[in-house]
Amino acid sequence: MSRNYDDDNNKAVNIVWKKFEKIHPKETRPGWLENYITVSGKKNQNKNWVIRIFLIPKIQLKPDQHLEWGIDGIPTIVRIDQITGKRYMLICDGLADEIKIIFEAEVDFTNNLINILIDTGLGVLNNNKYQMLRMSSEK
């Protein structure tokens, strides 16, 4: 019986998030971070999950534009024509290149291993450079 793709992805995300929290406990992380991060994952050539925790640079969207996330977790700017209602994917120079990966790990379920590929020091991050993705529910 094969594993369920979504369950494996969710399991890998949870494993990587726990590893991230162990290395960067909540009390040591910038207070704004959880409202700015995105987590995504995909399988690599070894059929292991590679999970990324990243920040998206601030971009100035026009009123008829919004961000949509692809399967790879990378956002694309989408424009909706106000007259026809047609959707257009816009090419944005450098958006994917400017994404700041703060933590990335490979999860090997077969050998029960986790390999940290990227671990950025969080003290150097400046929230003014990144896009807020959610509002905090804490008061």
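What you are looking at is a predicted structure, and each value in this text was computed from that prediction instead of being measured.

**Description of the overall build of the protein**
Right, on to step 1. Helix and strand content of the protein: two helices and seven strands.
Right, on to step 2. Start at the N end of the protein and walk to the C end: the helices and strands fall as α-β-β-β-β-β-α-β-β.
Right, on to step 3. A burial count over the protein gives 36% of its 139 residues as buried.
Right, on to step 4. The long-range share in the protein, meaning contacts at least 24 apart out of those at least 6 apart in sequence, stands at 54%.
Right, on to step 5. Counting only carbon and sulfur atoms, one obtains 49% of the accessible surface of the protein, whose full area is about 9400 Å².

**Regarding the confidence of the model for the protein**
Right, on to step 1. Of all residues in the protein, 83% attain a pLDDT of 70 or more, and the chain-wide mean is 82.
Right, on to step 2. Confidence, read as mean pLDDT per element, is least for helix 2 (residues 95-98) in the protein (57) and greatest for strand 7 (residues 113-119) (96).

**Remarks on the sheet that holds strand 3 (residues 65-69)**
Right, on to step 1. Strand order in the open sheet formed by three strands is 3-4-5, with antiparallel pairing between adjacent strands. The open sheet terminates on both sides in strands that have one partner only, identified here as strand 3 and strand 5 (87-90). For this sheet the average axis-to-axis angle between neighbouring strands, irrespective of direction, equals 40°.
Right, on to step 2. Here four bridges tie strand 4 (residues 75-80) to strand 5, and the two strands are oriented antiparallel to one another. By the bridge assignment for strand 5, Ile80 is matched with Arg87.

**Overview of the pattern of salt bridges**
Right, on to step 1. The full count for this structure, using the stated rule, is five salt bridges.
Right, on to step 2. What emerges from the salt-bridge pattern is a single network uniting Glu21, Arg29 and Glu34.

**Comments concerning the nonpolar core**
Right, on to step 1. Counting residues in each nonpolar core, the largest one holds 19 residues, and the members touching the most others are Phe20, Trp32, Leu33, Leu55, Ile102 and Leu125.
Right, on to step 2. At the level of elements, helix 1 (5-23), strand 2 (49-55) and strand 6 (100-108) are the ones that each hand at least two residues to this core.
Right, on to step 3. Setting aside chain neighbours within four positions, we find Phe20 in contact with Arg29, Leu33, Ile53, Ile102, Phe103 and Leu122.

**Concerning the environment of Val107**
Right, on to step 1. By the secondary structure assignment, Val107 is in strand 6.
Right, on to step 2. Considering only alpha carbons, one finds Val107 and Asp8, 99 residues apart in sequence, at a separation of 9.9 Å.

**Brief notes about unusual backbone geometry**
Right, on to step 1. Positive phi values are uncommon outside glycine, yet Lys47 reaches one of about 65°.
Right, on to step 2. Relative to the helices and strands, Lys47 resides in the loop between strand 1 (37-43) and strand 2.
Right, on to step 3. The exposure class assigned to Lys47 is exposed, which follows from its relative accessible area of 67%.

**Quick notes on the pairing of strand 7**
Right, on to step 1. As paired strands, strand 6 and strand 7 are joined by six bridges and run antiparallel to one another. Bridge pairing in strand 7 places Val107 opposite Ile114.
Right, on to step 2. The antiparallel pairing of strand 6 with strand 7 creates a hairpin that spans four residues between the two strands, and Asn112 there sits at a positive phi of about 55°.

How each quantity is defined
Residues numbered from 1 in each chain as written. Predicted model: local features only at pLDDT ≥ 70, side-chain atom pairs only at ≥ 80, totals over all residues. Heavy atoms only, no water. Helix = DSSP H or I, 4+ residues; strand = E, 2+ residues; numbered from the N terminus. Buried < 20%, exposed > 50% of the residue type's maximum accessible area, 1.4 Å probe, protein only. Contact = heavy atoms within 4.5 Å. Areas by Shrake-Rupley, 256 points an atom, 1.4 Å probe, with all protein chains shown as cover. pLDDT = per-residue confidence, 0-100. Pairing = 2+ DSSP bridges. Axes fitted to C-alpha atoms, helices over the stretch in contact; angles between N-to-C directions. Salt bridge = Lys/Arg side-chain N within 4 Å of Asp/Glu carboxyl O. Core = buried A, V, L, I, M, F, W, Y, C linked by side-chain atoms within 4.5 Å.

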